[in-house]
Amino acid sequence: MKWNQLKQNRYWKVFTNKYVLISIIFVIWILFLDANAWLTSHRELDQQIAEKEQNVDFYKRGIQKDQNRIKALKDSAGIEKFARERYLMKRENEEVFIIQHADSLKKDTNE
């Protein structure tokens, strides 16, 4: 095809129109080159959404665990068990022995 024939081609006239050229450049810029490009920003947004969904699952499990703990503390036996285990409380005229295993003790590095 010679240059004159190419100029007469109907597709050549359409694609060399300045508005079509500017539109094509704009679309390429928006899809690939911009800082908020459609193709690159969606990957990042999908990763952020996945992280947020993992956080939601983590906090839902924590809420369920806390609700179970609250349910266990509703009666006096649960409160007593919690106070004995957590705060090492005891009843009157009762002795409490705390047994620590050797592997659970902190060792001094200076000795």
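Because the structure is predicted, anything quoted here is derived from the model rather than measured. (Residues numbered from 1 in each chain as written. Predicted model: local features only at pLDDT ≥ 70, side-chain atom pairs only at ≥ 80, totals over all residues. Heavy atoms only, no water.)

## Looking at unusual backbone geometry
Consideration 1: If you check the backbone angles, N93 has positive phi at about 55° while not being a glycine.
Consideration 2: Position of N93 relative to the elements: it lies in the segment after α5 (76-87). (Helix = DSSP H or I, 4+ residues; strand = E, 2+ residues; numbered from the N terminus.)

## Here's the deal with helix α3 (residues 18-33)
Consideration 1: Between its first and last C-alpha atoms α3 spans 21 Å; for 16 residues at 1.5 Å apiece the expected length is 22 Å, and the two agree.
Consideration 2: A side-chain oxygen of the first residue of α3 lies 3.2 Å from the backbone nitrogen of Y19; this N-cap is N17. (Expected span 1.5 Å × (residues − 1). Polar contact = N/O pair within 3.5 Å; in protein donor to acceptor, adjacent residues only side chain to side chain.)

## Some thoughts on a positive patch on the surface
Consideration 1: Taken together, the side chains of R61, K65, R69 and R86 define a basic patch exposed on the protein surface.
Consideration 2: At three residues, the largest contribution of residues to the positive patch is made by helix α4 (residues 38-72).
Consideration 3: With respect to the element layout, R86 can be found in helix α5.
Consideration 4: We classify R86 as exposed; its relative accessible area is 52%. (Patch = residues over 30% accessible without salt bridge, like charges linked within 9 Å, V, L, I, M, F, W, Y side chains within 5 Å. Areas by Shrake-Rupley, 256 points an atom, 1.4 Å probe, with all protein chains shown as cover. Salt bridge = Lys/Arg side-chain N within 4 Å of Asp/Glu carboxyl O. Lys, Arg positive; Asp, Glu negative; His and termini not counted. Charge placed at Lys NZ, Arg CZ, Asp CG, Glu CD. Buried < 20%, exposed > 50% of the residue type's maximum accessible area, 1.4 Å probe, protein only.)

## Examining the packing of aromatic side chains
Consideration 1: On inspection of all chains with the given rule, the structure shows two aromatic pairs.
Consideration 2: With a centroid separation of 5.2 Å and an interplanar angle of 70°, the aromatic rings of F58 and Y59 are classed as edge-to-face.
Consideration 3: Here F82 and Y87 contribute two aromatic rings whose centre-to-centre distance is 6.0 Å and whose plane-to-plane angle is 80°, an arrangement assigned as edge-to-face.
Consideration 4: Of the residues examined, Y87 reaches a relative accessible area of 55% and is grouped as exposed. (Phe/Tyr/Trp six-rings, centres within 6.5 Å; stacked < 30°, edge-to-face > 60°.)

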